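So the chains spell out like this:
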Amino acid sequence: MALLEVHDLVVRFDTHHGTVRAVDGVSFALQEGETLGLVGESGSGKSVTNLALMGLVPQPPGVIESGSVLYEGSDLLKLSAPKMQALRGNEISMIFQDPMTSLNPLLTIGRQLAEVLEVHRGLGRKQARESCAKALGDVGIPEPESRLDQYPHEMSGGMRQRIMIAMALLCDPRVLIADEPTTALDVTIQAQILELMRDLQQRRGTAIILITHDLGVVAGMSDRVHVMYAGRLVEAAATVDLFRDPRHPYTAGLLDSIPRLSTSEVEPLKSIAGQPPDLAALPAGCAFAPRCEQAISSCNEAVPLLESIEQATATSPRLAACPLTNSEARS
Amino acid sequence: MSAALLEVTNLKKHFPAGETTVLGGRKGRLRAVDGVSFSLEAGQCLGLVGESGCGKSTVARTLVGLQRATSGSIKLDGQELAGLSQRHWLPYRRRIQMIFQDPYASLDPRQTVASILGEPAKIHGLAKPRERKLLAMRLLEVVGLNPRHINRYPHEFSGGQRQRIGIARALALEPQVLICDEPVSALDVSIQAQIINLLDELKERFSLAYLFIAHDLAVVRHISDSVAVMYLGKVVEQAPRDELFEAPLHPYTRALLSAVPLPDPEQERARERIVLSGDVPSPLSPPPGCAFEPRCPRRAEVPGDRCKRESPQLEALAPSSSRRRACFLENSWGKIQDCQK
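First, a word on what this report is: a plain description of the structure on this page. Keep in mind that what you see is a predicted model, and the values were worked out from it rather than measured. (Residues numbered from 1 in each chain as written. Chains lettered and ligands numbered in written order. Predicted model: local features only at pLDDT ≥ 70, side-chain atom pairs only at ≥ 80, totals over all residues. Heavy atoms only, no water.)

1. Section: the pattern of salt bridges
Side chains that differ in sign of charge can pair as their charged atoms come close. Quick note on the threshold: Between Lys or Arg on one side and Asp or Glu on the other, a salt bridge is scored when a side-chain nitrogen of the former is within 4 Å of a carboxyl oxygen of the latter. To qualify as a helix, a DSSP run of H or I must reach at least 4 residues; to qualify as a strand, a run of E must reach at least 2; elements of each kind are numbered from the N terminus. Burial classes follow relative accessibility: with a 1.4 Å probe on protein chains only, a residue under 20% of its type's maximum area counts as buried, one over 50% as exposed, and anything between as partly exposed.
Summed over all chains, the structure comprises 38 salt bridges over all chains. Of the charged contacts in the structure, one is a salt bridge between Arg323 of chain B and Glu237 of chain B, with a shortest N-O distance of 2.7 Å. Here Arg323 of chain B is found in the loop between β11 (315-316) and β12 (324-325), whereas its partner Glu237 of chain B is found in strand β10 (residues 234-240), with 86 residues between them in sequence. Each member of the pair Arg323 of chain B and Glu237 of chain B is classed as buried. Taken together, the shared-partner salt bridges in this structure form one network comprising Arg12, Asp14, Arg21 and Glu65 of chain A.

2. Overview of the layout of surface pockets
Once rolled over the atoms, a probe with the size of a water molecule shows which space is left empty. All names here are of chain A. Put simply, the test is: A 1.4 Å probe that fits into a set of points on a 1 Å grid over the protein atoms alone but cannot get out defines a cavity; an open set with protein on both sides within 12 Å along at least five of seven lines defines a pocket, and lining residues are those with an atom within 4 Å of a point. Grid points are joined across faces, edges and corners, and a volume is the space filled by probe spheres set on the points. Each residue is assigned to one class: nonpolar for Ala, Val, Leu, Ile, Met, Phe, Trp, Tyr, Cys and Pro, charged for Asp, Glu, Lys and Arg, and polar for all the others, Gly among them.
Each pocket or cavity is described by its volume, and for the second largest pocket that value is around 550 Å³. If you go around the second largest pocket, you meet 18 residues; those closest to its centre are Arg88, Gly89, Val116, His120 and Met167. Put simply, the parts of the chain that give the lining of the second largest pocket at least two residues each are β6 (92-95), α3 (109-121) and α6 (157-169). Element by element, the count of residues in the lining of the second largest pocket is highest for α3, at five residues. Residue classes in the lining of the second largest pocket are distributed as ten nonpolar, six polar and two charged.

3. A few points about the interface of chain B and chain A
To keep things clear, this is the line we draw: Throughout, a residue-residue contact means that at least one pair of heavy atoms, one from each residue, lies within 4.5 Å. What gets called buried area is simply the loss in accessible area from a 1.4 Å probe that two parts show on being joined, summed for both. By the criterion applied in these results, polar contacts are pairs of N or O atoms within 3.5 Å in which, for protein atoms, one can donate a hydrogen and the other can accept it, and in which residues neighboring in sequence qualify only through two side-chain atoms.
With 41 residues of chain B in contact, the opposing surface of chain A contributes 47 residues. Across the chain B to chain A interface the summed buried area is about 3700 Å²; carbon plus sulfur atoms make up 56%. Looking only at chain B, the three residues that lose the most surface to chain A are Val189, His222 and Pro263 of chain B, adding up to 16% of its buried area. Run the count over chain B and chain A and you get one salt bridge. In this structure, the salt-bridge partner of Arg244 of chain A is Glu266 of chain B, at a minimum N-O distance of 3.9 Å. Counting across the chain B and chain A interface gives 15 residue pairs in polar contact (both at pLDDT 80 or more).

Right, here's the structure in full:
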């Protein structure tokens, strides 16, 4: 059984420009101990999906229209605020993108970390402090004891992101949601943080949802990848299969449009024509159809469903929301 | 060697920093750029890479005269620019233009596109109002936008389209040199490729010289002819593109390349990774010797703590070689012979 199951999640925002369905019918399951990559461009709904899992969608303007998030037999979307609070940061925790703004500048590192343990574990100050020092040591911070008395501004970006990770892991969560955890960091620091996440996952068996726009990060970190476009999942596959043989035209276009470090080709890059869609005015059919080279007239009529195309590997079925790909696979 | 269009020699930019003195001055010096030299030729692109804080944006801002160099020389077609006053710099400014990183912050939200694109010509007194409108339309066409959109405001365009407007503005005065400071890093992947292709095409069409600053090494490899790697205010390695990417000779370049995640799961899992420990040191108190020494995985191979005491100079590997490196290590990677073919 899956650790976390999301069914048909729909999150709507009522804005001045009209109603925007940031997440429109997303379903997926997260298995114990795996890393699931969630890829998409800005506005594709990947962050909002995960804010919904954590009960952090601001309401209003956000409205969770429908769907369910099953965790240990209960629907997280229906939990009361205190119950959700008990879960959040405890069994399901999150690392945010920007280490510069997601720590409280007025509190010492030690205070911010200890609060987590005092709230969720009921530890006393002294005990909490000891556990925090150990947690900082675990994420590779030298002299953790003295770091506890420092403020966030006294540390570099990489160091702050380590503290965010240490904080997220304090209660040994079963699910860790990492929303662009390395996007704000330099590559050499990014490499350190990714190495740290791999290592922690191996030791603790935490299941990770990794949200990113960087296909390189996904390739190295995740077991399976889901691709989102305009609020919907358009392709799901095991990482190796997805990169070797992308089935949705958008995924294929994305992979073609990134320059490669390992080759010196001088040909122009293959880009995806057009602009990302305006979520307040989506076309009636497939949201990608206006930019899709293979689109036919029927693409503009109905939203394609995410369907199984084949049984690629026993553990991970392949899904794509494109009737063209799907009919090819069947014939 | 053909005469370079832009010749930068031993460029330094220091900022006052650190503790305040009684009279309001500062005691320390932040050496943001500390002796950088390179040259640009027409139709060529030099990639400048490095991590945040290494001084690459300061180089860019100094070259377009947004900041005055502390010392060193910036020669455009033989004419010395460093040390010129704002007013005397003005006639040269149209020949070196800049494209900025953030297409949301670099366009005035209250100006129409016609006004944004016409302003450079207005300031330089090059065109009458009517001509400026035509110029704006022509520029939009050059960068692949609809010329009928000149009366729109920036917020009516998407990020990629705004970056095209930023590029059009930089081209308005028909410059010879374009300084591109992270021109695609704020854009989505599918739009990045469009802008990179546009920049490539414009370079050929108008034989522009680019200084292309980016932290994304794959983008730099795609667009550049040669590449310089900066660390803490200094260039540590410079080489023709393929030589640098296939056989990097400075330990920092090697670590940087190995840290880039590859969008290919099989390659990504099989490769050898050099994970550097620690952070970039503060430029306020750089290490006395080689700036990279505290993080260098190979420092033990240089005898007698030389890296701790002396700062290595950027030197050509052979008298005729275009490869330059600032490191005391022997060239023991064995690939050097292949590279000098």
